[in-house]
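Per-entry structural report
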Protein chains: 2
Amino acid sequence: MKKNDITIKDIAKIAGVSINTVSRALNNKPDINIKTKKKILEIAKELGYIKNITASSLRNKKTKTIGVLFKDITNPFFVEVLKGIEKATKENDYSLVLMDVENDFEIEKKSLKIMAEKRVDGILISPVRKGKNNFKKIINLNIPYVIIGDHFENIDADEIYANDVKGGYLATKHLIENGGKNIIFLSVKNHNFVSYSRFLGYKKAFEEFNLTINKKLIFEIDEDVNAAYKKTIEFIDEKISFDSMFCFNDILAYGVIKALRENNIKIPDDVMVIGYDDIIYSSIIDLTTIRIPKFEIGYRAFHILLDKINNKSKEISKIILDVELVKRKTT
Amino acid sequence: MKKNDITIKDIAKIAGVSINTVSRALNNKPDINIKTKKKILEIAKELGYIKNITASSLRNKKTKTIGVLFKDITNPFFVEVLKGIEKATKENDYSLVLMDVENDFEIEKKSLKIMAEKRVDGILISPVRKGKNNFKKIINLNIPYVIIGDHFENIDADEIYANDVKGGYLATKHLIENGGKNIIFLSVKNHNFVSYSRFLGYKKAFEEFNLTINKKLIFEIDEDVNAAYKKTIEFIDEKISFDSMFCFNDILAYGVIKALRENNIKIPDDVMVIGYDDIIYSSIIDLTTIRIPKFEIGYRAFHILLDKINNKSKEISKIILDVELVKRKTT
DNA sequence: TTGTAGGCGTTATCAC
DNA sequence: GTGATAACGCCTACAA
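My aim in this report is to walk through the structure given alongside it, one point at a time. In every chain, residue numbers begin from 1 and rise along the written sequence. Each chain takes a letter, starting from A, and each ligand takes a number, starting from 1, following the order in which they are written. pLDDT decides what is reported in this predicted model: residues at 70 or higher carry local features, side-chain atom pairs at 80 or more are listed and counted, and totals for whole chains, interfaces and linings draw on all residues regardless. Remark: hydrogens and water are excluded; side-chain values derive from all non-hydrogen atoms of the structure.

**Here we look at the protein's contact with DNA strand C**
Our working definition: Proximity is defined per residue: if any heavy atom of the residue lies within 4 Å of a molecule or strand, that residue is considered near it. Side-chain atoms alone can form a polar contact between residues adjacent in sequence; in general such a contact is a pair of N or O atoms within 3.5 Å, and within protein one must be able to donate a hydrogen while the other accepts it. Strands are runs of DSSP state E lasting at least 2 residues, helices are runs of H or I lasting at least 4, and numbering of each runs from the N terminus. The classification used treats Ala, Val, Leu, Ile, Met, Phe, Trp, Tyr, Cys and Pro as nonpolar, Asp, Glu, Lys and Arg as charged, and all other residues, Gly among them, as polar.
Taken together, 27 residues surround DNA strand C, and among them Y49 and R59 of chain A together with N20, T21 and R59 of chain B come closest. Contact distances for DNA strand C include 2.9 Å between a phosphate oxygen and a side-chain N or O atom of N27 of chain A. One nitrogen or oxygen atom from the side chain of K29 of chain A is found 3.5 Å from a phosphate oxygen belonging to DNA strand C. Of all elements in the fold, only α2 (19-26) and α4 (53-60) of chain A together with α2 (19-26) and α4 (53-60) of chain B reach the threshold of two or more residues within the surface near DNA strand C. In terms of residue class, the surface near DNA strand C is built from seven nonpolar, 13 polar and seven charged.

Here is the structure:
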């Protein structure tokens with residue numbers, strides 16, 4: 001007999017007790033004789049009994065697993081967030097089912113359905129954004145969820161995200177204070193709230209210094225190194241006048257730096273570059289950036305979700321985590 | 001009534017049929033009147049019925065989910081592999097439970113137990129290595145599994161990994177051909193088979209050119225950027241004579257490059273640097289490296305596992321994927 | 001073509 | 001302290 005075929009029934013038979021006495025022993029319930037318990041535990045161990053969570057989930061209506069839906073599991077930002085989620089999950093005896101939604105509405109919809117079918121206890125999601133906010137339509141399941149790294153207006157959902165207005169402000173202020181006059185804001189498409197917040201911060205800094213924004217220096221590209229690289233080459237070719245660049249994230253900044261270096265533009269002397277996220281490689285290339293507490297976002301997101309699952313909190317949480325400027329050598 | 005509380009029983013009642021007629025309709029079985037089927041499907045849709053996979057898994061003894069155990073889910077190599085696994089998983093209507101084993105035997109053991117309890121249909125694992133090979137002891141469950149990115153002697157396990165002997169050879173040969181005389185091999189601890197293979201390749205190249213290896217130029221450090229950075233500083237401080245470095249992976253190479261740059265050592269003029277893996281950032285910093293088909297490793301690993309699960313293949317697969325030199329600007 | 005009955009492995013309720 | 005029984009929701013014989 002295979003080990004994972006052994007059931008409490010088998011143990012009961014050998015121990016000469018009923019199945020629910022076995023259940024009691026295995027689940028540390030009271031109302032059981034210490035000696036029978038010990039005996040049962042021994043038999044279970046000897047037989048190599050492995051509990052069937054599938055069965056207990058059915059009975060308990062709890063799967064002790066959560067679903068995690070990311071737009072792109074390869075994005076270093078999400079990788080770090082995932083690490084935080086995974087850690088918290090493990091610490092609380094939960095498991096996690098991961099799905100890469102590939103920034104695609106249809107896949108997101110389908111994934112959500114699968115999560116519902118699996119009866120996950122809760123969902124952590126970074127919703128797909130394509131211009132419109134279709135998110136609300138999608139989640140009409142009765143599953144607790146919290147949104148990670150984004151904010152939706154008019155939706156009563158739990159959210160945890162970074163203070164991107166502050167981040168945009170700190171970055172821009174830093175550039176201005178270091179002599180930046182023509183500051184390009186290299187933003188991305190499809191990030192309504194996040195990119196808008198960073199833009200607001202950018203604007204705020206300009207206002208604080210009584211400067212006016214040159215809208216011609218604001219660009220939106222795909223969230224991709226090569227797109228940033230190419231765009232920067234364009235700036236150079238078209239002889240756009242700029243002395244600093246605030247990039248939507250570190251990945252874009254990498255592309256920018258590569259393009260500048262290849263054109264012998266000195267960083268930071270000719271052009272200052274600042275990124276966003278502070279992903280792990282940024283310290284190596286000495287990129288100045290805004291640090292987001294990624295691990296913490298994931299870790300806390302799980303705990304917010306857990307409270308929802310256990311009905312400990314009824315009110316909606318909108319958690320906004322602090323960010324900080326990390327000054328390195330590209331500014 | 002919540003949508004996920006609706007069962008086939010409810011549908012049966014409304015449709016005025018028995019529950020297994022509903023089951024037949026829902027599962028596209030033959031032997032059902034097309035009209036009753038249509039009616040049932042409509043009712044199911046209207047009620048917002050969501051199948052309970054927990055229940056069907058119990059009945060079918062199939063969970064349609066696999067477990068993925070990685071030493072470190074944050075390592076870019078595994079991130080890419082995971083992407084491949086996730087894609088293949090999704091395409092085959094499977095799901096994936098992810099656990100970060102934190103390079104720790106105890107966590108690995110515990111995680112494996114959880115996977116067994118969840119009755120995953122199969123496991124994809126990059127086993128923890130700490131000097132000894134304790135892996136065999138751990139997997140004595142009756143669950144199909146395939147080992148990713150590693151090879152164990154004397155174990156009849158399915159494995160998929162890269163041709164690291166070739167990779168080590170290509171890297172070293174490239175350095176020698178470009179004038180490398182004193183080639184440091186910066187390897188890591190805890191990677192018995194992989195690091196040993198790369199070493200064998202290194203050795204092979206030396207032999208081919210009738211050179212003798214200087215064992216004083218072989219080092220083992222932790223698999224960590226900062227460790228590589230510090231070690232390189234040591235080389236410089238101790239005035240070790242070297243003109244090139246073959247790094248165990250790209251991450252180490254990043255640390256090395258940083259240290260060299262800070263000490264005004266020109267790359268590749270004074271020192272050539274070559275990495276391994278070709279993770280995504282390496283193209284940006286123009287690191288010469290050995291490319292491993294990471295996505296493919298994950299993607300194919302799933303398919304090997306799937307065949308095991310479906311009993312399509314009884315023999316053991318040892319798949320060794322090809323690698324290639326990617327010449328960029330650090331050599 | 002459809003229905004009845006039983007069981008997957010666990011846990012909760014209740015009685016003893 | 002312990003046991004019998006039912007139930008979680010689904011699927012599969014088998015019978016009708």
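**Some words on the pairing of strand β11 (residues 318-321) of chain A**
Residues and elements named next belong to chain A. Our working rule: Using a 1.4 Å probe on the protein chains alone, a residue whose accessible area is under 20% of its type maximum counts as buried, one over 50% counts as exposed, and one in between counts as partly exposed. Being paired, for any two strands, means DSSP has found at least two bridges between them.
Alternating residues of β11 divide into I319 and L321, all buried, and K318 and I320, none buried. Where strand β5 (residues 158-162) and β11 come together, four bridges link them in parallel fashion. Within the sheet, the bridge partner assigned to Y161 lies in β11 and is I320.

**A few points about helix α1 (residues 8-15) of chain B**
Rules: It only takes one pair of heavy atoms within 4.5 Å for two residues to be counted as in contact.
When α1 of chain B is considered as a whole, its buried residues turn out to be D10, I11, A12 and A15 of chain B. Where α1 of chain B is buried, its residues contact α2 and α3 (34-47) of chain B.

**Focus on the sheet that holds strand β9 (residues 272-274) of chain B**
Residue and element names in this part refer to chain B. What counts is decided by this rule: Note on definitions: angles span 0 to 180 degrees between N-to-C directions of axes, and those axes are lines fitted to C-alpha atoms, for helices only across the stretch in contact.
Across the sheet, four strands lie side by side as β7-β6-β8-β9; this open sheet has parallel pairing. Of all strands in the sheet, those bounded by a partner on one side alone are β7 (218-221) and β9. The average undirected angle you get between the axes of adjacent strands in this sheet is 20 degrees. Here strand β6 (residues 183-188) runs beside strand β8 (residues 244-247); their pairing, made up of four bridges, is parallel. The residue bridging I183 from the neighbouring strand is S244, located in β8. Helix α10 (residues 225-237) contacts β6, β7 and β8 of the sheet and is inclined by roughly 145 degrees relative to β7.

**Thoughts on the side chain of H174 of chain A**
All names here are of chain A. Structurally, H174 is set in helix α8 (residues 164-177). The exposure class of H174 is buried, given its relative accessible area of 8%. Ignoring anything within four residues of it in the chain, the contact list for H174 reads I274, T288, L325, K327 and T331.

None of this, on its own, says anything about what the molecule does.
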